Amino acid sequence: MKQYLFDEIIPRKGTGCVKHDALKEIFGRDDLMPMWVADMDFRTPDFIMDALRHRCEHEVLGYAWPQDSYWQTMCSWLKNHYSLDCKREELHFIPGIVAGISFVLQAMTQPGDGIMVTTPVYPPFLNLPQNGGRRLVCSPLKIVDGRFAIDFEDLEWRAHQCQWLILSNPHNPGGTVWGKEVLERVAEICYRNNVNVISDEIHADMTLPGHRHVSFSTVSQHARDISITFVAPSKTFNMAGLGSSVCYCPNESLRKRFFGYLDGYEVAGGNIFAFIGAEAAFSKGEEWLGQLLQYLDGNVSLLRDFLASRLPQVEAVLPEASYLAWLDFSGMGFSHDELKDRFINRAVVAMNDGTTFGGSDYRCRFRLNVGCPRSVLSECLERIADALD
């Protein structure tokens, strides 16, 4: 068994990566420890890089088409991991999930239609409906025993105003894994109110030890009838720059409309490396993924222990999946702007501002990315604690 190294420090500055090279534009200085953008600081696995290098030996980079082996690999992964017994015709390549959600809104809704999200949530879920002239409807999550929880009464009350729900499954931020019963209730509420569901499951493969991801469309026939599910290797195998994802749509009526839009407007083509990278990831990635999840679980434990000992006033929603923690600093006695200033100019650390996940209700909250070598996370936490001392 090969042992993969996740403690390695890999310099990324100057490579055109958003995480490092956009710091000056976003935060006003370029020397920050970047703990914000949701990619990891680990090497993209060797079996993916080897597949890309091998393809580059053929020195014609023409238009690309996914081979049968790509679709077979995709179907096998989804069946083995999530009991999605999908057919080839129920899948469509998408050049990134944010683009895919945008395509759903353009193809399946009209300006003024209500699009519901559960906040706090990944900012594009908020931005895409509003930028497209749709009516954003927010159902705030509750925190119960340190985890985000859906307020079903609120969800039901708002559902009649909406045509679609964009569901983060697992949730971003905080990595809450929605269980089968939770998803069943969401499906029943949406079905009763004629609301369709986009289930973004990009973090599903990164469900940490002791937890189990449930794919939305598998929980009931109603869920299957009203949903479009997005999956991708991009977060899991640290290959987001390849723009490679897939949507699964088992309902024939929804599928004809959505896939017809994608093909009719020719917006969902891929590139050579998107297909090759994804096939390599899903055909050879089991061992690497298992080791990654153990390492990330250790990072989450480090964060948990550090907060308990050094920053007990901070309330945290820690990941059950992926690597994005949600930290509430409101108990520290600082204003939101004071916290931002201390993090940027004293700690010299960049985290995501919580207000971008749903507005002023999330002042004094920040999202922290722990997908990094443990030594980097330790230094980051020490800097934060010192800045708040």
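Residues numbered from 1 in each chain as written. Predicted model: local features only at pLDDT ≥ 70, side-chain atom pairs only at ≥ 80, totals over all residues. Heavy atoms only, no water.

Attention now goes to the pairing of strand E4 (residues 135–140). Sheet analysis places strand E3 (residues 114–119) next to E4, joined by 6 bridges and oriented parallel. Paired with Thr119 across the strands is Pro140, a residue of E4. The β-α-β motif built from E3, the intervening helix H6 (residues 123–131) and the parallel element E4 has right-handed crossover chirality. (Pairing = 2+ DSSP bridges. Helix = DSSP H or I, 4+ residues; strand = E, 2+ residues; numbered from the N terminus. Right-handed = clockwise from strand over helix to strand, strands pointing away.)

Here 4 strands make up an open sheet; going across it, the order is E11-E12-E15-E14 and the pairing antiparallel. Looking at the sheet topology across the chains shown, the edges are occupied by strand E11 (315–317) and strand E14 (352–353). Together, E14 and strand E15 (365–369) form the strand contacts of helix H13 (residues 336–347), whose direction differs from that of E15 by roughly 30°. (Contact = heavy atoms within 4.5 Å. Axes fitted to C-alpha atoms, helices over the stretch in contact; angles between N-to-C directions.)

Turning next to the nonpolar core. Grouped together as the largest cluster of nonpolar side chains are 75 residues, with contacts concentrated most on Phe329 and Leu368. Counting residues per element, this core draws most heavily on helix H12 (residues 286–310), at 10 residues. Other than its neighbours up to four places away in sequence, Leu368 contacts Met35, Leu303, Tyr323, Leu324, Ala325, Leu327, Met351, Leu377, Cys380 and Leu381. Ranked by size, the runner-up nonpolar core spans 29 residues in total, among them Phe103, Trp164, Phe259 and Ala268. (Core = buried A, V, L, I, M, F, W, Y, C linked by side-chain atoms within 4.5 Å. Buried < 20%, exposed > 50% of the residue type's maximum accessible area, 1.4 Å probe, protein only.)

Overall, the coordinates contain 1 cavity of 30 Å³ or more when judged by the stated rule. Size it by volume and the largest cavity reaches roughly 50 Å³. As for the largest cavity, its lining consists of Trp77, Leu78, Tyr82, Glu201, Ile202, Ala204, Asp205, Val231, Ala232 and Phe282. In terms of residue count, the dominant contributor to the lining of the largest cavity is helix H4 (residues 68–82) (3 residues). Of the residues assigned to the lining of the largest cavity, the class counts are 8 nonpolar, no polar and 2 charged. (1 Å grid on protein atoms, 1.4 Å probe; cavity = no way out; pocket = protein on both sides within 12 Å on 5 of 7 lines; lining within 4 Å. Points joined across faces, edges and corners; volume = space filled by probe spheres on them. Nonpolar A, V, L, I, M, F, W, Y, C, P; charged D, E, K, R; others polar.)

For the rest of this paragraph, the subject is the packing of helix H5 (residues 97–108) against helix H10 (residues 252–264). As a packed pair, H5 and H10 sit with axes 10 Å apart at the nearest point and diverge in direction by 110°. Regarding the angle of H5 to H10, the classification is roughly perpendicular. Note on element contacts: H10 touches H5 through Leu254, Arg257, Phe258, Tyr261 and Leu262, opposite Gly100, Phe103, Val104, Gln106, Ala107 and Met108. (Parallel < 35°, antiparallel > 145°, perpendicular 65-115°, else oblique.)

Bringing the packing of H5 against H6 into the picture now. Relative orientation of the contacting elements H5 and H6 amounts to 30°, with a least axis distance of 10 Å. Pair H5 / H6 crosses with right-handed handedness. For the pair H5 and H6, the contacting residues are Val98, Ile101, Ser102 and Leu105 in the first and Pro124, Phe125, Leu128 and Pro129 in the second. Counted by class, the contact of H5 with H6 contains 7 nonpolar, 1 polar and no charged residues. (Left-handed = near helix turned anticlockwise from the far one by under 90°.)

A few words on the pattern of salt bridges. Scanning the model with the defined rule gives 20 salt bridges in all. Close ionic contact of Lys256 with Glu252 constitutes a salt bridge, the shortest N to O distance being 3.4 Å. Of the two residues, Lys256 and Glu252 both sit in helix H10, 4 residues apart, roughly one turn of that helix. Owing to a relative accessible area of 58%, Lys256 belongs among the exposed residues under this scheme. A residue is classified by how much of its surface remains accessible, and Glu252, at 48% relative accessible area, is partly exposed. (Salt bridge = Lys/Arg side-chain N within 4 Å of Asp/Glu carboxyl O.)

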